[in-house]
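So the chains spell out like this:
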Amino acid sequence: MKIIHQALSASPFQNGFQIITDAAEVRLLFLTDDIIRVRAGFSGSFREHSYSLVMTAWEDETDGLFSEYRKRITPASAQMHEEADRFVFQGRRLKVCIQKDPYVMQVFDSDGTMIHSDIPDLALRMDSNLRSIHTSRLEDDDCFYGFGEKTGRLNKKEAYMVMSPGDSLGYNAEKTDSLYKHIPFYIRLNRTTRRAAGYFYHCTGICDFNMGREIRSYWHHYSTFRAESDDIDLFLIAGPSVRDVIRRYTDLTGKSALLPVSALGYLASSMYYAELPENCDQGISSFMDICARKGIPADGFMLSSGYTLVNTDDGEKRCTFTWNRKRFPDPERFMKDMKERGISVIPNVKPGMLKIHPKLGEMMAEGLFISKDGVPCTGTWWGGPGYFTDFTDPRARSAWKKLLRENVIRTGTDCIWDDNCEYDSMIDDDAPVSYEGYGETIRRCRSVMSNIMAQTAVEAVHEEHPDARPFVVSRSGHAGIQRYAQTWAGDNYTRWESLKYNIATILGMSLSGVANQGCDIGGFYGPKPEPELLVRWVQNGIYQPRFSIHSWNTDGSVTEPWMYPEVTGLIRDAMQFRSALSPYLYSLMYRAHTEGLPIMEPLCSAFQDDPEGYDEDVDFMLGDGLFAACVVEKGAASRRIRFPRGTDFTDFYTRRRFQGGTVIDLPVDLSSRPLFIRSASIVPLAENKIMNLASDPVTDLKLLIEPSGDCSFDLYQDDGVSMDYLKGAYLLTHISLKAGKETVVDFRHEGSYTGSLRRMHIDMICPDQPPAQVRIGNTVLKQYPDGSELSSGSGWFFDEALKSVQIMYPALQEDFSVVISF
């Protein structure tokens, strides 16, 4: 065992500093003014080989792999000096103090606030099992968020969690650990100081977090990170806001991909449709016909792996890169028909291949598999023993792209569903992988396989269709998966508890840099959902960035929007409302792509100055403008809602106003979807009917505005399908409101995309008094008694029931202002 007790000396080294201790060398780097890197090399090796980082200040062995993603920066400047009992390292913002004996590192912000402290004796260790350990001081009023995809409460104070991703079929949404992701990052938020800091442990092996569950009287309360790694490699990220931390963490690991607009629509799915005895293509086509007849918006179909079933002496087996021609006689025609409907088909692919796979010889010849001495290593797979693709091998990646292009993409899709990519059934921890030719074992690389698999899918689509915008969905993922794919929390169990606790799982992922994700609506595994549960799940699901109803029910039933005729209308209404939200959601996806910020955001982040909301697991913000308080309890007749402090809220439907900090018991029935507009906010909504996001452009746009304070919103538009936005073919409309007796709504445009908007409608809440005049630029608009004469042209009227002014005018391409005079 190695324990750092003393810091013996410190000196400048390369672009940072080197601290010699009695057990290991520690290196310190001010990567930016807000991010410091601390690395304790217990093995003596400071090798740079990262599958996680896209921002570095050093040469890395994977720079070639990430040439399209990674940028090299110059580290921030810092100076050091030695005092009698400590070494001090001063950056432009942060100060690091390392106590000599006992060794303790403390980090201070520019105002002297301590944002991190080690624990004496326990700070940095390597145990007898060669696991590296870092122990941090924990305050009683600390809260902890993130950790990627985790079950249970959002605040992980006093939790113990392991990161060892696996195929967690039917997991308990409150207690199962681990699930499918490996994202060793968390945010510490203190209730008293209301300051946040982020901890990203640059680690790919199995690791665990003890966030104060363990208490020892000899030391101050502490949290511990432990990893199967020969070093501790910590990126400590200063806030002070949670959003600051997320922005900087996603600077390190990548912003969320800008996916096609259809990624935000209803992605239909079920194991059932791809496993019909024959003519599955017709079954899926019929499903889409029913959606259209019943008024259910639909945008994609997640094609489960049944399309790859191959007949063998031991029954049907799933063999990726094959097509069952009895089920899909003509895949190209099927894809073409779906594309003409505006439906994106996302075929399931898996990294494991059974030993009976008909293409196995070809794959082995191409060097696809994890192998030892030229012989593929065997693991457990669906249907029997199999081999696993080595995505750390450039040769294997080339072979995978070739197989993907020839057998999937060329059928007519730009979408890929990476499934079962946790590698947990590859049980030989010592199986060797290429590691870009440098050599490593699968034990250290399981978590990164899904990321490289997703990157390879993106590259394969671009190689086949350079102008297409890829849509990759991945069940597993390591830190940085957001830069390639949409994800979901796997195979949840169908019960009320899953509906409730899945919300916290999504919010935790949102705080872990993964904005575009969700959970299967209605539950994936177990009994079919009862009517009330299905309705409530859909009513919550319409706010999730990923909306997919996907099932493998144990009773053989299929979860579909119309499975209960008595509630189909409620489900249709909710799903149509999601389509109306599409301009808002697409703009939030663009924000995630440029800033890394969440789409669904917990109250601890959105209202950081309100510590009473730090433990809220169910209520959340959708963007900056909408506060959702979904009903998640069976048989609920009322919903208790506590409004966050610091602002007021207006009921989306009734326009009743509520003061922040108040608590109400809102009467609800099965149709209720409690939703509130935050004061001083702008929310764009589609007013024309949208049944398919790819085929039905937004022509009529409503801006719902609460004008009690200055506010702004960036409305983003492009063609939703291509890469042309990188060439300037986008339209970013910066909408800003200046509140006052003359309230001014200013529109400024950027980009060359002309857009589809034909008509604009401003719905501005003004409960105190109606305006006296409305004008666009210098043109005074005509006032009408009501909206009956405003189907075209320009004008306004005051809606007495909603206490709002309704302003309508043809959409304008040039910059302009709307002035509402009170």
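Up top is the structure.
Report follows, based on the coordinates. The structure presented is a predicted model; accordingly, all values stated were derived computationally and were not measured. (Residues numbered from 1 in each chain as written. Predicted model: local features only at pLDDT ≥ 70, side-chain atom pairs only at ≥ 80, totals over all residues. Heavy atoms only, no water.)

1. Concerning the overall build of the protein chain
Next, step 1: Helix and strand counts for the protein chain come out as eleven helices and 61 strands.
Next, step 2: In terms of overall dimensions, the protein chain is globule-like: its C-alpha atoms have a radius of gyration of 27 Å, near the 28 Å expected for 822 residues.
Next, step 3: For the C-alpha atoms alone, the extent of the protein chain along its principal axes is close to 85 × 75 × 50 Å.
Next, step 4: Residues classed as buried in the protein chain amount to 64% of the 822 residues present.
Next, step 5: For the protein chain, the share of sequence-separated contacts (at least 6 apart) that also reach a separation of at least 24 residues comes to 67%.
Next, step 6: Counting every atom, the protein chain has about 28800 Å² of accessible surface; 47% of that belongs to carbon and sulfur.
Next, step 7: Charge centroids of the protein chain, computed over 89 positive and 112 negative side chains, lie 1 Å from each other. (Helix = DSSP H or I, 4+ residues; strand = E, 2+ residues; numbered from the N terminus. Rg over C-alpha atoms; globule rule 2.2 N^0.38 Å. Buried < 20%, exposed > 50% of the residue type's maximum accessible area, 1.4 Å probe, protein only. Contact = heavy atoms within 4.5 Å. Areas by Shrake-Rupley, 256 points an atom, 1.4 Å probe, with all protein chains shown as cover. Lys, Arg positive; Asp, Glu negative; His and termini not counted. Charge placed at Lys NZ, Arg CZ, Asp CG, Glu CD.)

2. Thoughts on the packing of helix H9 (residues 568–580) against helix H10 (residues 582–595)
When two helices pack together, their arrangement is given by the angle between their axes and by how far apart the axes lie.
Next, step 1: The geometry of H9 relative to H10 is characterised by a closest axis approach of 5 Å and an angle of 55° between their N-to-C directions. Between H9 and H10, the interaxial angle falls into the category oblique. Mapping the contact onto sequence places Arg 578, Ser 579 and Ala 580 in H9 and Ser 582, Pro 583 and Leu 585 in H10.
Next, step 2: Its residues assigned to classes, the contact of H9 with H10 comprises three nonpolar, two polar and one charged. (Axes fitted to C-alpha atoms, helices over the stretch in contact; angles between N-to-C directions. Parallel < 35°, antiparallel > 145°, perpendicular 65-115°, else oblique. Nonpolar A, V, L, I, M, F, W, Y, C, P; charged D, E, K, R; others polar.)

3. Some words on the nonpolar core
Next, step 1: Membership of the largest hydrophobic core comes to 205 residues, with the highest contact counts inside it found for Tyr 266, Ile 370, Val 538, Tyr 543, Phe 747, Ile 807 and Val 818.
Next, step 2: Here Tyr 266 is in contact with Phe 287, Cys 291, Ile 296, Pro 297, Ala 298, Asp 299, Gly 300, Phe 547, Ile 549, Pro 561 and Met 575, once residues within four sequence places are set aside.
Next, step 3: Among the nonpolar cores identified, the runner-up in size contains 46 residues, and Val 96, Leu 138, Tyr 186 and Tyr 199 belong to it. (Core = buried A, V, L, I, M, F, W, Y, C linked by side-chain atoms within 4.5 Å.)

4. Examining the environment of Glu 742
Next, step 1: Tracing the backbone shows Glu 742 in strand S55 (residues 742–750).
Next, step 2: Separated by 665 residues in the primary sequence, Glu 742 and Ser 77 have C-alpha atoms spaced 48 Å apart.
Next, step 3: Apart from the residues within four sequence positions on either side, Glu 742 is in contact with Arg 775, Val 819, Ile 820 and Ser 821.
Next, step 4: In terms of polar contacts, Glu 742 uses its side chain to reach the side chain of Arg 775, at 3.3 Å. (Polar contact = N/O pair within 3.5 Å; in protein donor to acceptor, adjacent residues only side chain to side chain.)

5. Some thoughts on the sheet that holds strand S11 (residues 104–108)
Next, step 1: Taken in spatial order, the five strands line up as S8-S9-S10-S11-S12 in an open sheet, and their pairing is antiparallel. Either end of the sheet is taken by a strand with one partner, and the two such strands are strand S8 (78–82) and strand S12 (114–117). Here the average twist between neighbouring strands, direction ignored, is 15°.
Next, step 2: The sheet contact formed by strand S9 (residues 86–91) and strand S10 (residues 95–99) spans five bridges and is antiparallel. Along S10, the bridge assignment pairs Phe 89 with Val 96. (Pairing = 2+ DSSP bridges.)

6. Some points on the pattern of salt bridges
Next, step 1: By the definition in use, this model includes 74 salt bridges.
Next, step 2: Here Arg 327 makes a salt bridge to Glu 316, at a shortest N to O gap of 2.9 Å. A residue pair is termed long-range when its members are at least 10 positions apart, and Arg 327 in the loop between strand S26 (315–318) and helix H3 (331–340) and Glu 316 in strand S26 qualify at eleven residues.
Next, step 3: As a salt-bridge pair, Glu 463 and Arg 405 come within 3.2 Å of each other at their nearest N and O atoms. Highlighted residues: Glu 463 in helix H6 (residues 446–464) and Arg 405 in helix H5 (residues 394–407), separated in sequence by 58 residues.
Next, step 4: Using a relative accessible area of 22% as the deciding quantity, one classes Arg 405 as partly exposed. (Salt bridge = Lys/Arg side-chain N within 4 Å of Asp/Glu carboxyl O.)

7. As for the packing of aromatic side chains
Next, step 1: One pass over the structure, following the stated rule, counts 53 aromatic pairs.
Next, step 2: With a centroid separation of 5.3 Å and 45° between ring planes, the pair formed by Phe 627 and Phe 649 is classed as tilted. Separated by 22 residues along the polypeptide, Phe 627 in strand S45 (residues 626–628) and Phe 649 in strand S47 (residues 649–651) bring together distant segments of the chain. The pair formed by Phe 627 and Phe 649 is uniform in burial state, with each residue classed as buried.
Next, step 3: In this structure an aromatic cluster arises from ring pairing among Phe 144, Phe 147, Tyr 186, Tyr 199, Tyr 201, Phe 209 and Phe 225. (Phe/Tyr/Trp six-rings, centres within 6.5 Å; stacked < 30°, edge-to-face > 60°.)

8. A short note on the sheet that holds strand S16 (residues 160–163)
Next, step 1: Pairing is antiparallel in the open sheet, where six strands are placed in the order S1-S13-S14-S21-S20-S16. Each edge of the open sheet is held by one strand with a lone partner, namely strand S1 (2–3) and S16.

9. Some points on the environment of Gln 18
Next, step 1: With respect to the secondary-structure elements, Gln 18 resides in strand S3 (residues 16–21).
Next, step 2: Among the residues examined, Gln 18 registers a relative accessible area of 17% and is labelled buried.
Next, step 3: A C-alpha to C-alpha distance of 9.7 Å links Gln 18 and Arg 39, two positions 21 residues apart in sequence.
Next, step 4: Filtering out sequence-adjacent residues up to four positions away, Gln 18 remains in contact with Ser 9, Ala 10, Ser 11, Phe 13, Glu 25 and Val 26.
Next, step 5: Separated by 2.9 Å, the side chains of Gln 18 and Glu 25 make a polar contact.

10. Quick notes on H9
Next, step 1: Its 13 residues give H9 an end-to-end C-alpha distance of 18 Å, which sits within 8% of 18 Å, the value for a rise of 1.5 Å per residue.
Next, step 2: Taken together, the buried positions of H9 are occupied by Thr 568, Ile 571, Ala 574, Met 575, Phe 577, Arg 578, Ser 579 and Ala 580.
Next, step 3: The inward-facing, buried residues of H9 abut strand S23 (266–269), helix H8 (531–541), strand S41 (547–549), H10, strand S50 (675–678) and strand S51 (681–686). (Expected span 1.5 Å × (residues − 1).)

11. Some words on the environment of Phe 547
Next, step 1: Of note, Phe 547 is situated in strand S41.
Next, step 2: We classify Phe 547 as buried; its relative accessible area is 1%.
Next, step 3: Each C-alpha atom of the pair Phe 547 and Gly 518 lies 6.8 Å from the other, and the pair is 29 residues apart in sequence.

12. Regarding the packing of helix H7 (residues 496–510) against H8
Next, step 1: At a closest axis distance of 10 Å, the pairing of H7 and H8 adopts a crossing angle of 10°. Taken as axis vectors, H7 and H8 run roughly parallel relative to one another. On the side of H7, the interface is formed by Trp 496, Ser 498, Leu 499, Asn 502 and Ile 503, while H8 contributes Glu 532, Leu 533, Arg 536, Trp 537 and Asn 540.

13. Notes on unusual backbone geometry
Next, step 1: Omega for the peptide link from Asp 101 to Pro 102 comes to 0°, which places this bond in the cis form.
Next, step 2: Within the secondary structure, Pro 102 is located in the loop between S10 and S11.
Next, step 3: Along the chain, Asp 177 connects to Ser 178 via a cis peptide bond; the corresponding omega equals 5°.
Next, step 4: Despite not being glycine, Gln 14 has its phi angle at roughly 50°, a positive value.
Next, step 5: Its location among the elements puts Gln 14 in the loop between strand S2 (7–13) and S3.
Next, step 6: You will see that Phe 147, though not glycine, has its phi angle at about 65°, which is positive.
Next, step 7: Here Phe 147 lies in the loop between strand S15 (142–146) and S16.

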